[in-house]
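Single-letter residue listing:
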Amino acid sequence: MEWSILICVALLVVIGLVALYSATLGTGHEEFKKQVMWLAISVPFLLAAMFLDYEILAKISPILYGISIILLIAVLFTEPISGASSWFVIKKTISFQPSEFAKVAVVLAYSYLVARLQTKGRDEISRPTRLFASLLAVAVPVLLIVKQPDYGTAMAFLFAIVAILFVAGIKKRYIFIALALVVIALPLLYFFVLPNHAKTRIDVFLNPEIDARGSGYNILQSKLAIGAGEMFGMGIGKGNQTQLGFLYPKTTDFIFSVIGEELGFVVGASVIALYILLITKAIYIAKTAKDDLGSYIAAGIAGIFIFHMMENIGMTMGLLPITGVPLPFVSYGGSSLVTNLILIGILLSVSGRRKKAIFME
């Protein structure tokens with residue numbers, strides 16, 4: 001088993017808790033305490049996913065997929081929070097996001113589907129009818145998530161599917177066709193499909209100064225915070241942007257900005273290095289898994305983490321548009337933490353069942 005993955009995750013969780021503790025100094029550490037509670041809840045899920053055979057999880061994945069679709073439909077009828085119908089709220093204190101849990105179901109179900117198709121031939125997934133039918137299964141949850149709207153989480157699903165299809169050996173012509181369609185579709189989406197707030201985010205990404213006190217405010221404050229941290233940071237609880245309320249939302253979307261300001265470049269760079277090591281190990285597991293199913297699952301999980309790391313850290317630095325994507329294991333959020341630790345458990349389940357691995361009989 002790749003124990004280094006657990007070490008990376010543990011270090012990221014600790015750094016996240018330190019940043020959350022500092023970011024919640026003015027609110028009685030409410031979100032910090034909830035994150036600790038969610039961490040305690042997440043550990044049994046991590047262990048269960050780690051020791052349970054991933055083949056069993058894959059076989060029940062159609063049921064998990066069906067439950068996810070029902071939840072994604074039901075959440076659309078809830079009261080919007082910050083403009084998005086993405087959460088079920090229980091007693092005004094606990095909320096969970098079904099789109100996060102859907103990541104587990106979709107990665108397992110799609111990997112299982114592709115693996116079943118590949119048993120009939122290595123090129124089976126490259127047949128247009130098979131490929132189109134399999135993508136329809138993914139389009140349903142993705143479109144439901146876009147409807148919420150939550151474009152960032154929807155993109156995470158697409159990264160996972162692309163990673164799975166790449167490992168499955170899809171013919172290169174489909175990759176070139178997809179890239180061409182993206183190039184054609186982007187301007188069409190911008191001018192005719194995207195709502196005004198999404199267009200504004202793109203405009204602000206290209207030039208934050210056009211609305212420095214409005215839509216560009218958060219990204220400018222984020223860049224100021226990261227730059228102010230310099231090499232070793234301003235110290236826990238001493239960041240100007242963090243503690244004076246200029247950085248928002250500092251516990252979720254911009255938690256990396258808190259790390260950059262108060263802990264400095266060294267810790268910020270270490271966070272990036274930990275993600276790179278985790279993703280590299282996930283790709284290695286995909287390469288060395290005992291079967292195609294394990295390879296596809298590991299690749300899909302790697303795709304999700306690649307997107308979340310790149311998008312969250314990129315948007316805090318002004319390199320990518322703001323999408324509200326959390327930083328795995330670091331940002332505040334119970335649904336995100338539970339889901340990500342389940343994904344890590346499944347990844348370790350695949351790792352532990354390779355040749356000469358600890359779970360092999």
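Rules behind the numbers
- Residues numbered from 1 in each chain as written.
- Predicted model: local features only at pLDDT ≥ 70, side-chain atom pairs only at ≥ 80, totals over all residues.
- Heavy atoms only, no water.
- Phe/Tyr/Trp six-rings, centres within 6.5 Å; stacked < 30°, edge-to-face > 60°.
- Helix = DSSP H or I, 4+ residues; strand = E, 2+ residues; numbered from the N terminus.
- Core = buried A, V, L, I, M, F, W, Y, C linked by side-chain atoms within 4.5 Å.
- Buried < 20%, exposed > 50% of the residue type's maximum accessible area, 1.4 Å probe, protein only.
- Contact = heavy atoms within 4.5 Å.
- Expected span 1.5 Å × (residues − 1).
- Bend = angle between axes of the 7 residues up to and from the residue.
- Polar contact = N/O pair within 3.5 Å; in protein donor to acceptor, adjacent residues only side chain to side chain.
- Axes fitted to C-alpha atoms, helices over the stretch in contact; angles between N-to-C directions.
- Parallel < 35°, antiparallel > 145°, perpendicular 65-115°, else oblique.
- Left-handed = near helix turned anticlockwise from the far one by under 90°.
- Nonpolar A, V, L, I, M, F, W, Y, C, P; charged D, E, K, R; others polar.
- Salt bridge = Lys/Arg side-chain N within 4 Å of Asp/Glu carboxyl O.

## Looking at the packing of aromatic side chains
Here is step 1: If you walk through the whole model with that rule in mind, you get five aromatic pairs.
Here is step 2: With a centroid separation of 6.1 Å and 55° between ring planes, the pair formed by Phe96 and Phe101 is classed as tilted.
Here is step 3: Each ring, one from Phe305 and one from Phe329, has its centre 5.6 Å from the other, and the planes form 45°; the classification is tilted. Pair noted here: Phe305 is in helix α14 (residues 292–316) and Phe329 is in the loop between α14 and α15 (334–351), with a separation of 24 residues, a long-range link.
Here is step 4: Grouped by ring-pair contacts, the aromatic residues Phe88, Phe96 and Phe101 constitute a single cluster.

## Some points on the nonpolar core
Here is step 1: Residues Ile297, Phe329, Ile344 and Ile346 are the most contacted members of the largest nonpolar core, which totals 93 residues.
Here is step 2: In terms of residue count, α14 provides more of this core than any other element does, twelve residues in total.
Here is step 3: In this structure, Ile344 is in contact with Ile5, Leu6, Val9, Leu46, Leu278, Phe305 and Phe329, ignoring residues within four places of it in sequence.

## Considering helix α6 (residues 128–147)
Here is step 1: Helix length check: α6, at 20 residues, gives a terminal C-alpha distance of 27 Å against a target of 28 Å (1.5 Å per residue), a fit within 8%.
Here is step 2: Within α6, the axis deviates most sharply at Val138, by approximately 30°, and proline Pro141 lies no more than four positions further along.
Here is step 3: Its buried side turned inward, α6 meets α4 (61–74), α5 (98–118), α7 (151–167) and α8 (172–193).

## Observations concerning the side chain of Ser335
Here is step 1: Secondary-structure assignment places Ser335 in helix α15.
Here is step 2: Looking at Ser335, its side chain comes within polar contact range of the main-chain nitrogen of Gln97, at 2.7 Å.
Here is step 3: Filtering out sequence-adjacent residues up to four positions away, Ser335 remains in contact with Ser95, Phe96, Gln97, Glu100 and Phe101.

## Notes on the packing of helix α13 (residues 264–288) against α14
Here is step 1: In contact at an axis separation of 8 Å, α13 and α14 are set at 160° when each is read in the N-to-C sense. If you check the angle between α13 and α14, you find them roughly antiparallel. You can see that α13 and α14 cross each other, and the crossing is left-handed. On α14, the residues that touch Ile272, Tyr275, Ile276, Leu278, Ile279, Ala282, Ile283, Ile285 and Ala286 of α13 are Ser295, Ala298, Ala299, Ala302, Phe305, Ile306, Met309 and Ile313.
Here is step 2: Classifying every residue of the contact of α13 with α14 gives 16 nonpolar, one polar and no charged.

## Let's talk about the environment of Phe254
Here is step 1: One can find Phe254 in the loop between α11 (240–243) and α12 (255–262).
Here is step 2: Measuring from C-alpha to C-alpha, the distance between Phe254 and Ile322 comes to 9.9 Å, with 68 residues separating the pair along the chain.
Here is step 3: With residues near it in sequence (within four places) discarded, Phe254 still touches Asn218, Ser222, Leu247, Tyr248, Pro249, Thr316 and Ile322.

## Some details on the packing of helix α1 (residues 3–23) against α13
Here is step 1: At their nearest, the axes of α1 and α13 sit 9 Å apart, and the two run at 150° to each other. With respect to α13, the element α1 is oriented roughly antiparallel. Here α1 runs over α13; the crossing is left-handed. The segment α1 lies against α13, with Ser4, Ile5, Cys8, Val9, Leu11, Leu12 and Ile15 engaging Val267, Val271, Leu274, Tyr275, Leu277, Leu278, Lys281 and Ile285.
Here is step 2: By residue class, the composition of the contact of α1 with α13 is 13 nonpolar, one polar and one charged.

## Section: the pattern of salt bridges
If charged atoms from side chains of opposite charge come close, those side chains can pair.
Here is step 1: Taken as a whole and judged by the stated rule, the model has five salt bridges.
Here is step 2: The salt bridge partner of Lys281 is Glu2, with a shortest N-O separation of 3.4 Å. Of this pair, Lys281 sits in helix α13 while Glu2 sits in the segment before α1; the two residues are 279 residues apart in sequence, bridging distant segments of the chain.
Here is step 3: Take Lys281: its relative accessible area is 25%, and that puts it in the partly exposed class.
Here is step 4: You can call Glu2 buried: its relative accessible area is 12%.
Here is step 5: For the salt bridge of Lys34 with Glu30, the shortest nitrogen-to-oxygen distance reads 3.7 Å.

## Re unusual backbone geometry
Here is step 1: Cis geometry is adopted by the peptide bond preceding Pro149, which originates at Gln148 and carries an omega value of -5°.
Here is step 2: Along the polypeptide, Pro149 turns up in the loop between α6 and α7.
Here is step 3: In this structure, the amide linkage connecting Tyr248 to the following residue, Pro249, adopts the cis form with an omega of -10°.
Here is step 4: Relative to the assigned elements, Pro249 resides in the loop between α11 and α12.
Here is step 5: Not every positive phi belongs to a glycine, and His29 is a case in point at roughly 60°.
Here is step 6: Mapping His29 onto the fold places it in the loop between α1 and α2 (30–51).
Here is step 7: Despite not being glycine, Glu230 has its phi angle at roughly 50°, a positive value.
Here is step 8: One can find Glu230 in the loop between α10 (217–228) and α11.

## What about the side chain of Thr24?
Here is step 1: Assignment of secondary structure puts Thr24 in the loop between α1 and α2.
Here is step 2: On the basis of relative accessible area, Thr24 is assigned to the buried category, the value being 0%.
Here is step 3: Residues in contact with Thr24, not counting those within four places in the same chain, are His29, Glu31, Phe32 and Thr251.

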